[in-house]
Amino acid sequence: MNNPPHLLVTGSAGALGRELVPRLREAGYRVRSLDLAHPQDATGDLLTGSVTDVGLVASALDGVDAVVHLAGQSREAPWEDVLQANVQGTWTLLDGCVRAGVRKVVFASSNHAVGMVRRREEELPADEQFRPDSYYGWSKSAGESLARLFVDRAGLDVVSVRIGSCLAEPGNVRALATWMSLDDFRRLVVAAVDPEVTGWHSVWGISRNTRRWWSLEAGEAIGYHPQDDSEQFAEHVLAAADPDEVVDLVGGPFTATPLGEPN
Ligand code: 15L
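This report concerns the structure included in the present document. (Residues numbered from 1 in each chain as written. Predicted model: local features only at pLDDT ≥ 70, side-chain atom pairs only at ≥ 80, totals over all residues. Heavy atoms only, no water.)

Let us now look at the overall build of the chain. Regarding its fold elements, the chain presents eight helices and nine strands. Taking 2.2 N^0.38 as the reference for a compact globule, 263 residues should give roughly 18 Å; the C-alpha atoms of the chain span a radius of gyration of 17 Å, in line with that estimate. Counting only C-alpha atoms, the chain reaches 50 × 40 × 40 Å along its principal axes. Relative to its full complement of 263 residues, the chain shows a buried share of 51%. Measuring between centres, the 23 positive side-chain charges of the chain sit 3 Å from its 37 negative side-chain charges. (Helix = DSSP H or I, 4+ residues; strand = E, 2+ residues; numbered from the N terminus. Rg over C-alpha atoms; globule rule 2.2 N^0.38 Å. Buried < 20%, exposed > 50% of the residue type's maximum accessible area, 1.4 Å probe, protein only. Lys, Arg positive; Asp, Glu negative; His and termini not counted. Charge placed at Lys NZ, Arg CZ, Asp CG, Glu CD.)

Below, the structure is given as structure tokens:
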């Protein structure tokens, strides 16, 4: 790769960030990390503080070519927390990008933006209409909508990823369909930060799972060609299956959690 883009990863110390950053570095990317706190053994270009801090975000964006925005609440949480971390944080980042002249943003949205959608015969497109399952899911739909505003009105290029279950291994029956391997996540980010991917794109963040019911088409269109399949874990997962597990709604267990109560 000639001259890979210089990246900022927000939420770099979170569950996804701490897996993604080393993989991107290994793939040859220069990465700056921003999080509320960093692990003691963290190395490299680190900035510490909140993504809602306008001054800090301006410093974090200085000199980078693209941002992978993972920071924020990643599960159900009280309304005020969700608003602050996910809505205010995403606005601060997007507005900061415009001011800093950073055009490309990869936005970590979530399947929970459409969590109440029920499985149907045809695969779900990656731009399925919003139907959040939680305050958290709503905040991701708000983030997508805000990002689209910044594409249309301020000329940003945004790839919004409706992430499924991004883990080392799928932990339940639902995740056999919704799993994204950590290496496929890196493949997706590498595809998305390519400067030739412009405008607005919404894609599903899943692997090439045999049991998937969300479409890979929009991802493939931007060059995301997942290589992993949860099927290798199926026997083990099915042997421990919970008969009451919610598997026919996109959002699975989030669809039954009381609103605002951490799950
Ligand atoms: C998410 O959005 C969460 O951040 C993650 O913790 C998982 O629960 C995932 O969705 C999922 O739906 O499996």
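That covers the picture; the talk isn't over yet.
Structurally, glycine 260 can be placed in the segment after helix 8 (234–239). According to the relative accessible area criterion, glycine 260 is buried, its value standing at 13%. In sequence terms glycine 260 and arginine 75 are 185 residues apart; their C-alpha atoms lie 9.7 Å from each other. Sequence-distant contacts of glycine 260, that is, excluding residues within four places in its chain, are made with Glu76, Ala77, Pro78 and Tyr135. (Contact = heavy atoms within 4.5 Å.)

Attention now goes to the nonpolar core. Among the nonpolar cores identified, the biggest contains 29 residues, and Leu24, Val68, Leu70, Ile163, Phe185 and Val193 are the most heavily contacted of them. If you list the elements that add at least two residues to this core, you get strand 1 (7–10), helix 1 (17–26), strand 4 (66–69), strand 5 (104–110), strand 6 (157–163) and helix 6 (182–192). The dominant element in this core, judged by the number of residues it contributes, is helix 6, at six residues. Setting aside chain neighbours within four positions, we find leucine 24 in contact with Leu7, Val9, Tyr29, Val31, Arg186, Val189 and Val190. Of all hydrophobic cores here, the second largest spans 23 residues; its members include Val51, Leu61, Val102 and Ala147. (Core = buried A, V, L, I, M, F, W, Y, C linked by side-chain atoms within 4.5 Å.)

Here the focus is the site of the ligand. In the vicinity of the ligand, the contacting residues are Ser74, Arg75, Ser110, Asn111, His112, Tyr136, Gly164, Ser165, Arg174 and Phe254. At 2.8 Å from an oxygen atom of the ligand is found a side-chain nitrogen or oxygen belonging to serine 110. Within the contact set of the ligand, an oxygen atom lies 2.7 Å away from a side-chain nitrogen or oxygen of arginine 174. When the free accessible area of the ligand is taken as 320 Å², the share hidden by the protein chains comes to 77%. Here the residues of the shell around the ligand are counted per class, giving two nonpolar, six polar and two charged. (Near = heavy atom within 4 Å. Polar contact = N/O pair within 3.5 Å; in protein donor to acceptor, adjacent residues only side chain to side chain. Areas by Shrake-Rupley, 256 points an atom, 1.4 Å probe, with all protein chains shown as cover. Nonpolar A, V, L, I, M, F, W, Y, C, P; charged D, E, K, R; others polar.)

With that out of the way, let us pick up helix 6. Counting buried residues along helix 6, eight of its eleven residues qualify, which places the element largely inside the surrounding structure. Among the residues of helix 6, those classed as buried are Leu182, Asp184, Phe185, Arg187, Leu188, Val189, Ala191 and Ala192.

Moving on to the environment of alanine 240. Of note, alanine 240 is situated in the segment after helix 8. Using a relative accessible area of 64% as the deciding quantity, one classes alanine 240 as exposed. Separated by 115 residues in the primary sequence, alanine 240 and proline 125 have C-alpha atoms spaced 30 Å apart.

If you trace the backbone, lysine 140 turns up in helix 4 (residues 135–154). Of the buried charged residues, lysine 140 lacks a salt bridge, with glutamate 144 as the closest side chain of opposite charge at 8.8 Å. Excluding its chain neighbours within four sequence positions, the residues that come into contact with lysine 140 are Gln73, Asn86, Phe107, Ala108, Ser109, Ser110 and Ala113. (Salt bridge = Lys/Arg side-chain N within 4 Å of Asp/Glu carboxyl O.)

This part covers the packing of helix 3 (residues 79–100) against helix 4. Here helix 3 crosses helix 4 at 15 degrees, and the two axes come no closer than 10 Å. In terms of orientation, helix 3 and helix 4 fall into the roughly parallel class. The interaxial crossing formed by helix 3 with helix 4 has right-handed handedness. Judged by residue contacts, Trp79, Val82, Leu83, Asn86, Val87, Thr90, Trp91, Leu94, Asp95 and Val98 of helix 3 engage Tyr135, Tyr136, Trp138, Ser139, Lys140, Ala142, Gly143, Leu146, Ala147, Phe150 and Ala154 from helix 4. Along the lines of polarity and charge, the residues of the contact of helix 3 with helix 4 split into 15 nonpolar, four polar and two charged. (Axes fitted to C-alpha atoms, helices over the stretch in contact; angles between N-to-C directions. Parallel < 35°, antiparallel > 145°, perpendicular 65-115°, else oblique. Left-handed = near helix turned anticlockwise from the far one by under 90°.)

On to the sheet that holds strand 5. Read across the open sheet, the seven strands follow the order 3-2-1-4-5-6-9; overall the sheet is parallel. Looking at the sheet topology across the chains shown, the edges are occupied by strand 3 (45–48) and strand 9 (200–205). Neighbour to neighbour, the strand axes of the sheet diverge by 20 degrees on average, direction disregarded. Taken together, the six bridges between strand 6 and strand 9 define a ladder with parallel strand orientation. By the bridge assignment for strand 9, valine 161 is matched with valine 203. Strands strand 1, strand 2 (31–35), strand 3 and strand 4 of the sheet are contacted by helix 1, whose axis makes an angle of about 170 degrees with strand 2. Helix 3 contacts strand 1, strand 4 and strand 5 of the sheet and is inclined by roughly 175 degrees relative to strand 4. (Pairing = 2+ DSSP bridges.)

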